[in-house]
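Descriptive structure summary
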Amino acid sequence: MGFTILVLLMSLLPLSLAGWCREPLLRIRTRQVTYQIRASQRYYTSCGTWGWSSCTRYRDVYRTGYRPQYYATYYTERVCCTDWTGSNCNTDVDECLRGTDGCSHICDNTAGSYTCRCSPGYSLQSDRHSCRDIDECSSNNGGCEHTCRNSAGSYSCDCNIGFRLNSNDHSCDDINECTEQSSGCEHTCFNSVGSYHCGCYVGWHLAWDQHTCLGNPCVDIGTPQNGERICTGFVTNETCSFECHPGYYMIGSAERSCLPSAQWAGEQPQCPPKLCDRLAPPENGYIRMPCRREYTSRCAMGCNDGFYQSAGDDANKDCMLQDSGVGWSVNAFNCSRK
Ligand SMILES: [Ca+2]
Ligand SMILES: [Ca+2]
C-alpha cells in the first residue's frame, strides 16, 4: 500500500512542480505608538504682601501623543511561473496561440516556453525572434555559374547572353543558335560556346548585318554592238538577257547568269548584221564592185557598154529592213541600147 502511494506521488511530482515559482513580496504593517508631549501651562496664584495679589505663573505639563509606526515584512509566495497557468500551474501557456510570442515568422509552442523559426531563406537573429534574409550570393556566388541575384527569402541564377540556364537552375548551357533556328543566318551557321557566326555559300559574302548574304559581283558583261541588254543585276545568280536591234541577228547566248565564280554562264552575245540575197545584175547591166550584202550596205548598178540607164530611177540598191528580215530596196533600173 505504501509503495503504491509513493509511485503515485513520484509520477505527479514533476507535473505539479513544473510551473511553480517563488515570487518575492513585501507586506507593510502599521501600529500606534505613544509618546510624551511636553507643554507649558498657565496658572494663577496669590502673591504679594500677605498674599493679597494674584499672579500669573507657568508650569510644565505632560500628555500622551499617538503616531503610526510602519513595519515592512519581506516574504515569498508560490505563484505560477511565466508560461504556466492553471490552479496547479501545470497548464502550459500557448504563446503562439495568444500572439504574444513576437516571432517574426514561425512560432513553435513548447511545454513552458516557445521557440521561433524562420521561413526558408531566412536566418534567426541573435534576439532569437527576428529573421533576416540570407544573402546566398555572398558565398560561392550562390553556386551560380554566371550571375547570382539575391532576393528576399530566395535567390536565382542568371546566364550571360548566348547561354541558357540548365534544369539544375545553377549552371549555364550554350545555346546552339544554329540547330534552334534562332540564328537568322541566311546561308550557313557555325555555333560556338556563348555565340555563333554566319557564313555564305561560294559566290556570296556576308552583308554588314553579318547575317544576310550578298552575291559577289561578276566581271563586266558588256553590251553587244547593235544590241541591248536587260539585267536583273550583276551579282551571283542575277541574269542578263540580250536582244539585237532589227536587221541584226544574234550569235552567242541570249541569256546569261552570273556564276559564283564571278564569270557569266554561256557565250558572249554578238549582233552581226543580217545578209541580203546575192544581188543579181540588171539586164544589160552589172553591179559595181565592191558590193557587200550586210544590212545597211548600198550597191550601185551600171549599164554595159552600148547601153544607158533609160529610166530615171536610182541606180543604188540598199540592203534594208523588210518584213521580218532584210532585203534589197525595190527600184526600177533599165539599161536601153544607145
Ligand atoms: Ca536571399
Ligand atoms: Ca552558341
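Residues numbered from 1 in each chain as written. Chains lettered and ligands numbered in written order. Predicted model: local features only at pLDDT ≥ 70, side-chain atom pairs only at ≥ 80, totals over all residues.

- An unreviewed UniProt entry annotates the protein as SCUBE2 protein of Branchiostoma lanceolatum.
- What UniProt states about the protein under its Subcellular location (unreviewed entry) heading is, verbatim, "Secreted". (UniProt positions renumbered as here; feature names shortened; annotations may be inferred.)

1. Looking at the sheet that holds strand β20 (residues 285-287)
- Strands sit in the order β20-β21-β23-β24 across an open sheet of four strands; the sheet is antiparallel. Edge strands, defined here as strands with exactly one partner in the open sheet, are β20 and β24 (325-328). Strand-to-strand twist across the sheet, computed as the mean angle between neighbouring axes with direction ignored, equals 25 degrees.
- Here three bridges tie β20 to strand β21 (residues 298-303), and the two strands are oriented antiparallel to one another. By the bridge assignment for β21, Ile-287 is matched with Met-301. (Pairing = 2+ DSSP bridges. Helix = DSSP H or I, 4+ residues; strand = E, 2+ residues; numbered from the N terminus. Axes fitted to C-alpha atoms, helices over the stretch in contact; angles between N-to-C directions.)

2. Concerning the UniProt feature "domain: Sushi" (unreviewed entry) in the protein
- UniProt tags residues 216-273 as "domain: Sushi" (unreviewed entry).
- Within residues 216-273, the helical portion is 0% and the strand portion 24%, while the C-alpha atoms at the span's ends are 35 Å from each other.

3. Points about the pairing of strand β9 (residues 147-151)
- The sheet contact formed by β9 and strand β10 (residues 154-158) spans five bridges and is antiparallel. The residue of β10 that forms the bridge with Cys-148 is Cys-157.

4. Let's talk about the nonpolar core
- Core analysis: the largest hydrophobic core is formed by seven residues, namely Cys-244, Tyr-248, Cys-271, Cys-276, Tyr-295, Cys-319 and Val-326.
- Per-domain counts for this core show at least three residues from each of domain 5 (217-272) and domain 6 (285-337).
- With sequence-adjacent residues up to four places away left out, Cys-319 is seen in contact with Cys-276, Arg-293, Glu-294, Tyr-295, Thr-296, Ser-297, Val-326 and Trp-328. (Core = buried A, V, L, I, M, F, W, Y, C linked by C-beta atoms within 7 Å. Buried ≥ 20, exposed ≤ 12 C-beta atoms within 10 Å, placed from the backbone. Domains from an automatic or database assignment. Contact = placed C-beta atoms within 7 Å.)

5. What to know about the UniProt feature "domain: EGF-like" (unreviewed entry) in the protein
- In this structure's numbering, the residues bearing the UniProt feature "domain: EGF-like" (unreviewed entry) are residues 92-132 and 133-173.
- Taken end to end, residues 92-132 is 10% helix and 39% strand, and its first and last C-alpha atoms sit 29 Å apart.
- End C-alpha atoms of residues 133-173 are separated by 29 Å, and the span's content is 0% helix alongside 39% strand.

6. Thoughts on the environment of Asp-92
- Tracing the chain through its elements places Asp-92 in strand β4 (residues 91-92).
- Sequence separation between Asp-92 and Gly-112 is 20 residues, and the spatial gap between their C-alpha atoms is 5.5 Å.

7. A look at unusual backbone geometry
- Looking along the chain, the bond that leaves Met-289 and enters Pro-290 is cis, with omega of -5 degrees.
- Tracing the backbone through its elements, the reader meets Pro-290 in the loop between β20 and β21.
- With phi around 60 degrees, Gln-181 is a residue other than glycine that occupies positive phi space.
- When you line up the elements, Gln-181 lands in the loop between β12 (172-174) and β13 (188-192).

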